[in-house]
Amino acid sequence: MDIANDPIIADAASNPHDPPTIRRGDYRPFGWLVPEVALDFSLGIERTIVRSRLAVRRNDAAERAAAIRLNGDGIEPTEVLLDGHPASGWSRDGDDLILPLAGDDHLIEIVTEVNPAANSQLMGLYASNGMLCTQCEAEGFRRITFFPDRPDVLSTYRVRMSGPKAQFPVLLSNGNCVASGDGEAGEHWAEWHDPWPKPSYLFAAVAGDLVANRDSFTTMNGRKVDLAIWVRAHDGPGGDLERTGHAMLALKNSMKWDEEVFGREYDLDLFNIVAVSDFNMGAMENKGLNVFNTRYVLADPETATDADYDGVEGVIAHEYFHNWSGNRVTCRDWFQLSLKEGFTVLRDQLFSQDMGSEAVKRIEDVRVLRSVQFPEDSGPLAHPIRPDSYREISNFYTSTVYNKGAEVIRMMRTMAGPDAFRKGCDLYFERHDGEAATCEDFIRAMEDGAGLDLGQFRLWYAQAGTPQLQARLEHSGDTAVLHLSQSVPATPGQPVKQPMPVPLRLALFDRDSGCHGGERLIVLDKADDSFLFEGFASPPVLSLNRGFSAPVAIEREVSEEDLVFLAARDDDPFARYEAMQDLAVRYLTAAADGHGDEATRAAIGTAFEAVLADGALDDLMRGELMILPGEAYLAEQMLVADPAAIHGAREGLKCWLGQRLESRLVALHERASAVPFGPDAAARGARKLKTQALVYLAAAAPARAAALAAAQYRGADNMTDRQGALMVLAGLDCAERGELLADFKARYAGNALVTDKWFSIQAASLHPQALAHVRELAQHPDFTLHNPNRVRSLYMAFAANPQAFHTADGAGYRLIADLILALDPINPQTAARFVPPLGRWRRIEAGRSALMKRELERLAAAPGLSRDTSEQVARSLG
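To start, this report covers the structure provided alongside it. (Residues numbered from 1 in each chain as written. Predicted model: local features only at pLDDT ≥ 70, side-chain atom pairs only at ≥ 80, totals over all residues. Heavy atoms only, no water.)

The next subject is the nonpolar core. Counting residues in each nonpolar core, the largest one holds 157 residues, and the members touching the most others are Ile108 and Phe203. The contacts of phenylalanine 203, once residues within four sequence positions are left out, are Leu39, Phe41, Thr134, Cys136, Phe141, Ile144, Tyr157, Val159, Ser173, Asn174, Lys198 and Asn286. Membership of the second largest hydrophobic core comes to 117 residues, among which are Met626, Val695, Ala706 and Leu851. (Core = buried A, V, L, I, M, F, W, Y, C linked by side-chain atoms within 4.5 Å. Buried < 20%, exposed > 50% of the residue type's maximum accessible area, 1.4 Å probe, protein only. Contact = heavy atoms within 4.5 Å.)

Here we take up the packing of helix H1 (residues 245–262) against helix H2 (residues 306–321). For the pair H1 and H2, interaxial distance at closest approach is 9 Å and the crossing angle is 45°. Comparing their axes, H2 and H1 come out oblique. As H1 runs across H2, the sense of the crossing is right-handed. Touching His246, Ala247, Ala250, Leu251, Ser254, Met255, Trp257 and Asp258 of H1 are Tyr309, Val312, Glu313, Ile316, Ala317, Tyr320 and Phe321, all from H2. Within the contact of H1 with H2, the residues separate by chemical class into eleven nonpolar, two polar and two charged. (Axes fitted to C-alpha atoms, helices over the stretch in contact; angles between N-to-C directions. Helix = DSSP H or I, 4+ residues; strand = E, 2+ residues; numbered from the N terminus. Parallel < 35°, antiparallel > 145°, perpendicular 65-115°, else oblique. Left-handed = near helix turned anticlockwise from the far one by under 90°. Nonpolar A, V, L, I, M, F, W, Y, C, P; charged D, E, K, R; others polar.)

At their nearest, the axes of helix H3 (residues 337–355) and helix H4 (residues 358–377) sit 7 Å apart, and the two run at 145° to each other. The element H3 and its partner H4 pack so that their crossing is right-handed. Together, Gln349, Ser352 and Gln353 of H3 and Glu358, Lys361, Arg362 and Asp365 of H4 make up the contact between the two elements. Grouping the constituent residues of the contact of H3 with H4 by class yields no nonpolar, three polar and four charged.

What follows concerns the sheet that holds strand E6 (residues 77–82). On the basis of which strands lie adjacent, the open sheet formed by eight strands has the order E7-E6-E10-E4-E3-E13-E16-E15 and mixed pairing. In the strand order of this sheet, the two ends are held by strand E7 (85–86) and strand E15 (176–182), each with one partner. Here E6 runs beside strand E10 (residues 105–114); their pairing, made up of five bridges, is antiparallel. By the bridge assignment, leucine 81 is partnered in E10 with glutamate 109. (Pairing = 2+ DSSP bridges.)

Residue placement: aspartate 182 occurs in strand E15. The exposed category is assigned to aspartate 182, whose relative accessible area is 56%. C-alpha separation for the pair aspartate 182 and lysine 165, spaced 17 residues apart in sequence, amounts to 8.3 Å. Dropping the residues within four chain positions of it, aspartate 182 is found in contact with Lys165, Glu187, His188 and Trp189. Of the polar contacts made by the side chain of aspartate 182, one reaches the side chain of lysine 165; its length is 3.2 Å. (Polar contact = N/O pair within 3.5 Å; in protein donor to acceptor, adjacent residues only side chain to side chain.)

Dropping the structure here:
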């Protein structure tokens, strides 16, 4: 009997307790439509009763099904009705409920009970600081009620919520509030209706003692939308409500920008955001009711850095933009996750570029890609942006799906141009509004709307791995010839790759005038190709992959003289940054191998001097150009990496630069300190420069740096300056370190987000005893494994700190493995995210590699490991 039309289980796991493998090629439409859903919640912290009413109709586009599979996870039905009568013949298949259906149209009613207070996984309906909230993406709805919990089942929802008014004075759900009132014995209720069909992962409900920052926005067609950002009620001044102004401004700017740039208008009367302190992710785009991690809502100058402000703005925009790229057009199945996430990341990146510095934003995005996604693409967890199979979908919310996915769509925009790209987007929304679509649907819309031929380009969706390019420029007579070749490294399950189209923006500079004749776009779509450029009497200087037009790694034959030229004179900000990075990578990788070249180091010094002296540079860009490549990125440039050698080489270069430029750095710090606080680019740039100057001085003249940092901390009137100073002090063995860490903790006592900073600053520090400090902090009364923000603030900061994580005796690896074992029974989704740092063992020198692998094997042997974590461990071991 065909009892379900879920994606077919293609093979059983080797361990019968492991989840089966789900394969993209086995997708089948679900056998039943669920056009209407009604939910009735009787709310309580420890006992919530949920009654669901599902109007189901046979799906004529699917194979005929004799029963309906309703997914469940950790719940039991207390009542099952079919067409108003007690249902007979239903059964359980694991957590799922199987209900035979004879006809074509039915009404299914199911009652369940859940305990939100006991839900430490923070998936489904859970309690957080006295409030109730939901998180349903990807498969959390099945923890609330039985339902075909898959993204291609679209329904309109009516929701009734009732509970004690004193405990839950605010009741929120998707869509518009259509009725509310008081009941008996102190109860009250509210009814919500969302007229737009949506999958179950976009359902949301929140109940609690909340207050709102209210505003409104009038859309381009005159619809007035009421806006509210909800936070916990707080007595007296200094509460969370006072820190929501930036989030509200970001929301209104996002709504206006999406109308102007993408033509997308909001479609409900209300838009609600709720800030929650216990949250696995950054935020969730539930239709009309976004639920956010407090980290991405609350900000004021005293408690949030400039980077925090940017994070709030970017995540607010990302979740709002999902209203169209994710909600109005959702994904057919979870293999298409990048359809909504990659596209929306690109949209939020373009928005942030327009709101601030386009150049700096682009550099920041590439830095994230290189430090997180490139290692992912070269390791055991490598996968295409559209995976072919999975066991636990939560493990595919990755930098590859999000960040590389955004880069793939950005390449389409680069090849088409902004106007044609907009036409392709318009066609995509027009064709698929109200549907569950696929990546292929998006590609076809781009082909038809933007006029692109994307036949070969589809390989970017199918192949994992970062393309490796080699570039060589030859000159003869008046012709320059650019020779390019590409290869895509083997990745798990994909030993052989095909060449992919790589769009490359380039310019050829005249060495004497410092000018070029215009930027050009070429596309490398073969394994090897050559491109001719005429009219150059002397050899030009090549500026390649300007704006990072393609997410590739390039090995180019270029002299240090040319890199110094580009670092000083390239008019493309990213290419200028890239020249600085190439110089540093060239020196640091050689130094880590024990043969650093003095001439290369001198060239870096010359380039740094030019950056500090360039009066035409704004300070935000100057600060970016001063940042050396990170240790994780440097490790990616080496076949086998020695973390200690890389760390020593990088710190040694910082010390050398600090000594060479000490007087200039002190003068730079003094100049930047004279700029008053403000939100403008000049003031933000000054704040960035102050901390960058301290970073180099700390490596070269620690006593002087400690004095300057302590003065900056004590005189700070904003968190950016105070945190930057404390970050430098935390890495020094000086008296000011302990004093000001204690001051910081006491000054912000009771502020959870700033307390997270206090943990992170110490876990990420360059202090030689950072590992011991982390062990001590894990015993601190303010530390808990039950809050994901707090766990990440300590342990993820530590795992990203190479000199502490990679101690030669493997103690850092044991610390993270012990954390995973302790956290997995509480919150497996968060625990699984700590496995990838251990999964880099194949790229590390033999001694540390063996220790990392041993910890993975210890995890693999642990009984009762969750499917989230066990899949990551198994894939990491290979």
